[in-house]
Amino acid sequence: MRRDALLELGATEAAALIRRRQISSTEIVQAALERVDDLGELTGAWATVISEFALAEANRADADLWTRDFTPGRLHGVPFGVKDVIDTANVPTAAAFTPFRNRVPVEDAAVVAALKKAGAVLIGKTTTTQFAFADPSSARNPWARSRTAGGSSSGSAVAVATGQVPLALGTQTGGSTLRPAAFNGVIGFKPTLGLVSTVGLLPLSWTLDHVGVLTRNIEDVRTFIDVAAARPVKQSAAAIGPQIVPPRLGLVVPALEEACEEVRAHIRDLANAFMAGGAIVVEVDFGLPLGLILAAQRLIVQVEAATVHRRLLERHASDYLPLLRACAEVGQVVPAHSYVDALRLRRLAADRLEGQIARHQLDALLTPTVGSEAPGPETTGDPSLQNPFTLAGMPSISLPSGLSRNGLPLGVQFAARCGDDIQLLETARWCADHLEPIPAPAGISESPAGIIGRANHFR
Amino acid sequence: MSPDYSRQAASLSSASVEKQLAADIERLFGHSRLHDPAVQGQLKVTAAGITRVLAEYLDPEDPL
């Protein structure tokens, strides 16, 4: 199989081909590393690449298949990347923080261990914003170099968007998986809070940190859940086959009001397309004022980030980037009663959001992922529309849903009740089948032709 | 939170909360940090958030 064809494979599909020995792990890992060589610097997607180690693991994965009674895992032999705030044994995990440049964990984070147990081959650590906060990273948006790649899981999104890996891990404390997914034209998924273990993450907020995943198709998200879930996952009737009954969706009107006119019209058009396909779309709200939800989310992150970083800040203040340093400082002076109120509001927000779903018998809530196309590189973009579902701990997914007038990806976000991760994926799959494929981008002269924006790459 | 304190806190303006936070920042981190643009931005957002939570979040278990 040609290199480009290998790199267009999804993780699940590649694993199936490896299991059947139609391709080898060595071939696909080699191809991935060659693309990293070609694009790694251009895209700024990688903090560390472990080529020799990855090839040795791929060779071993191929040899294992010839071992009697060997049962390959769901991701056997498939290359993947890990955001550089997630611990990886014997591989530096630096969180874009200079004093951590030689920090080498001795153990994998639980989620990395789970993927490796399923046979996946780690090829490197993807670029992150510093400690997964809001100061932009060095990753570059492959659709337009003058636009942000988002954050904080920017390297993972860019690596997946440019075919360097089929799957990469991210994290989300506000909107750090879904927002870069939207800006780079890939799928971003955040499971129910706690479904995937956060043991081994460098924390930003113990209350709100989630592990997320970036992929190019929904099947790979499903495989990720199957492999990485730390507890049994609630199955849905649809789990035994594709969802054929059109979903009931709740279009969150206050989310539209946060978006620019172009995105508002785009989401209305999508809702109309879903209805034309048989879906029922009703208008709902967040159950609380969005500003109140965002205030609670910010206060929790501020106070917990301040707690995480208090001692490090005393010793390494000058190594902190401006936004994180300011957050860690101001978080130290937030009154305790405000933090406690914010935590209680979190529960109330979850009740109200899930109440909307229950009251209207919805499969999922529907919003723009972000209220605009990717802005300039001085920011990671606006987390306002991803935050509510992170605060509530609800599973959420962003699908690439079209291009803006400027030829940049737009994203649509779906969120379901806590625990309904599988149902959410089935709803997203139905909706993806009713989206127009994203055409290849025009005018990305810095990027080699044919590597990004493949039509229907998000199916 | 006592009812009196809650009522008092809820009536605070964002500007007065910001002033208190700024005084605490100066005490903890010094004058120069207080005038860092990123800190100034955080102070405004945080004060607005605290004020909003105090004003709009009516805790059902609060004795008020």
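Conventions and cut-offs
- Residues numbered from 1 in each chain as written.
- Chains lettered and ligands numbered in written order.
- Predicted model: local features only at pLDDT ≥ 70, side-chain atom pairs only at ≥ 80, totals over all residues.
- Helix = DSSP H or I, 4+ residues; strand = E, 2+ residues; numbered from the N terminus.
- Rg over C-alpha atoms; globule rule 2.2 N^0.38 Å.
- Buried ≥ 20, exposed ≤ 12 C-beta atoms within 10 Å, placed from the backbone.
- Arc of directions from axis to C-beta.
- Contact = placed C-beta atoms within 7 Å.
- Axes fitted to C-alpha atoms, helices over the stretch in contact; angles between N-to-C directions.
- Parallel < 35°, antiparallel > 145°, perpendicular 65-115°, else oblique.
- Left-handed = near helix turned anticlockwise from the far one by under 90°.
- Nonpolar A, V, L, I, M, F, W, Y, C, P; charged D, E, K, R; others polar.
- Pairing = 2+ DSSP bridges.
- Core = buried A, V, L, I, M, F, W, Y, C linked by C-beta atoms within 7 Å.
- pLDDT = per-residue confidence, 0-100.

Moving on to the overall build of chain A. In terms of helices and strands, chain A carries 15 helices and eleven strands. Whereas a compact globule of 459 residues would reach a radius of gyration of roughly 23 Å, chain A reaches 21 Å, a difference of no more than 12%. Burial analysis of chain A (459 residues in total) assigns 61% to the buried set.

When helices and strands are counted, chain B shows four helices and zero strands. Traced from its N-terminal end to its C-terminal end, chain B shows the element sequence α-α-α-α. With 64 residues in all, chain B has 27% of them scored as buried.

Now for helix H2 (residues 11–19) of chain A. Residue and element names in this part refer to chain A. Residues Ala-11, Thr-12, Ala-14, Ala-15 and Ile-18 constitute the buried set of H2. What you see down the axis of H2 is that its buried residues fit within an arc of 160°, all on one side. Buried positions along H2 lie against helix H3 (25–43), strand E4 (167–172), strand E6 (210–215) and helix H8 (218–228). Immediately beyond the C-terminal end of H2, within one or two residues, lies Arg-21, with a positive phi of roughly 60°.

All names here are of chain A. Where H3 meets helix H4 (residues 51–64), the axes come as close as 8 Å, and the angle between the chain directions of the two elements is 160°. The angle between the axes of H3 and H4 places the two elements in the roughly antiparallel class. The element H3 and its partner H4 pack so that their crossing is right-handed. Judged by residue contacts, Ser-25, Thr-26, Val-29, Gln-30 and Leu-33 of H3 engage Ser-51, Ala-54, Leu-55, Ala-58, Asn-59, Ala-61 and Asp-62 from H4.

This brings us to the interface of chain B and chain A. It is common to give the size of an interface as the accessible area lost on bringing the parts into contact. Taken together, the contacts link 22 residues of chain B with 25 residues of chain A. No other element matches helix H4 (residues 37–56) of chain B, which puts twelve residues into the side of chain B that touches chain A. Residues of the side of chain B that touches chain A, tallied by class, amount to twelve nonpolar, four polar and six charged.

The subject of this paragraph is the sheet that holds strand E3 (residues 121–126) of chain A. Residues and elements named next belong to chain A. The strand order E1-E3-E2-E4-E6-E5-E10-E11-E9-E7-E8 describes an open sheet built from eleven strands, whose pairing is mixed. The outermost strands of the open sheet, each flanked by one partner alone, are strand E1 (46–49) and strand E8 (280–284). The sheet shows a mean angle of 30° between the axes of neighbouring strands, direction not considered. Judged from the three bridges that link them, strand E5 (residues 187–190) and strand E10 (residues 396–403) form a sheet pairing that is antiparallel.

The next thing to look at is the packing of H8 of chain A against helix H15 (residues 421–432) of chain A. All names here are of chain A. In the contact formed by H8 and H15, the axes pass within 10 Å of each other and the chain directions differ by 175°. Relative to H15, the element H8 is oriented roughly antiparallel. Contacts from Ile-218, Val-221, Arg-222 and Ile-225 of H8 reach H15 at Asp-421, Leu-425, Ala-428, Arg-429 and Ala-432. Class assignment of the residues belonging to the contact of H8 with H15 gives a composition of six nonpolar, no polar and three charged.

What follows covers helix H6 (residues 154–161) of chain A. All names here are of chain A. Burial within H6 is extensive, with eight of its eight residues counted as buried. Taken as a whole, H6 has its buried residues at Ser-154, Gly-155, Ser-156, Ala-157, Val-158, Ala-159, Val-160 and Ala-161. A positive backbone phi angle near 70° is found at Gly-163, which sits one or two residues after H6.

The biggest cluster of nonpolar side chains holds 163 residues, and the ones touching the most others in it are Val-111, Leu-115, Ile-123, Ala-296 and Leu-299 of chain A. Top contributing element to this core by residue count: helix H11 (residues 290–316) of chain A, with ten residues. Contact partners of Leu-299 of chain A, with chain neighbours within four places excluded, come to Val-334, Ser-338, Tyr-339 and Ala-342 of chain A together with Gly-49, Ile-50 and Val-53 of chain B.

This part is about the confidence of the model for chain B. All names here are of chain B. Per-residue confidence for chain B gives a mean pLDDT of 82; residues scoring 70 or more make up 72%. Scored below 50 in pLDDT, residues 1–5 makes four contacts in the model with residues more than four places away or belonging to other chains. For this predicted complex, the interface score ipTM comes out at 0.85, while the overall pTM is 0.94.

Take the environment of Phe-414 of chain A next. Residue and element names in this part refer to chain A. Locating Phe-414 in the fold gives a position in strand E11 (residues 409–415). With 25 C-beta atoms packed within 10 Å, Phe-414 lands in the buried category. With sequence-adjacent residues up to four places away left out, Phe-414 is seen in contact with Ala-364, Leu-365, Leu-366, Ser-396, Ile-397, Leu-424, Thr-427, Ala-428 and Cys-431.

Assignment of secondary structure puts Arg-248 of chain A in strand E7 (residues 248–252). Since 16 C-beta atoms lie within 10 Å of it, Arg-248 of chain A is described here as partly exposed.

Time to look at unusual backbone geometry. All names here are of chain A. For the bond running from Gly-151 to Ser-152, omega is 5°, close enough to zero to count as cis. Secondary-structure assignment places Ser-152 in the loop between E3 and H6. Located in the positive-phi region is Asp-69, a residue other than glycine, with phi close to 65°. In this fold, Asp-69 is placed in the loop between H4 and strand E2 (79–83). One non-glycine residue, Phe-131, lies in the positive phi region at around 50°. By secondary structure assignment, the location of Phe-131 is in the loop between E3 and H6.

Residue and element names in this part refer to chain A. Of all the seven residues making up E11, seven are buried; the element is thus mostly covered by neighbouring parts of the structure. Alternating residues of E11 divide into Pro-409, Gly-411, Gln-413 and Ala-415 and Leu-410, Val-412 and Phe-414, and every residue in both groups is buried. Where strand E9 (residues 364–368) lies against E11, four bridges are found, and the strand directions are antiparallel. Each bridged residue has a counterpart across the sheet, and for Thr-367 the counterpart in E11 is Gln-413. Pairing geometry for E10 and E11, over seven bridges, is antiparallel. Within E11, the position partnered with Leu-399 by the bridge is Val-412.

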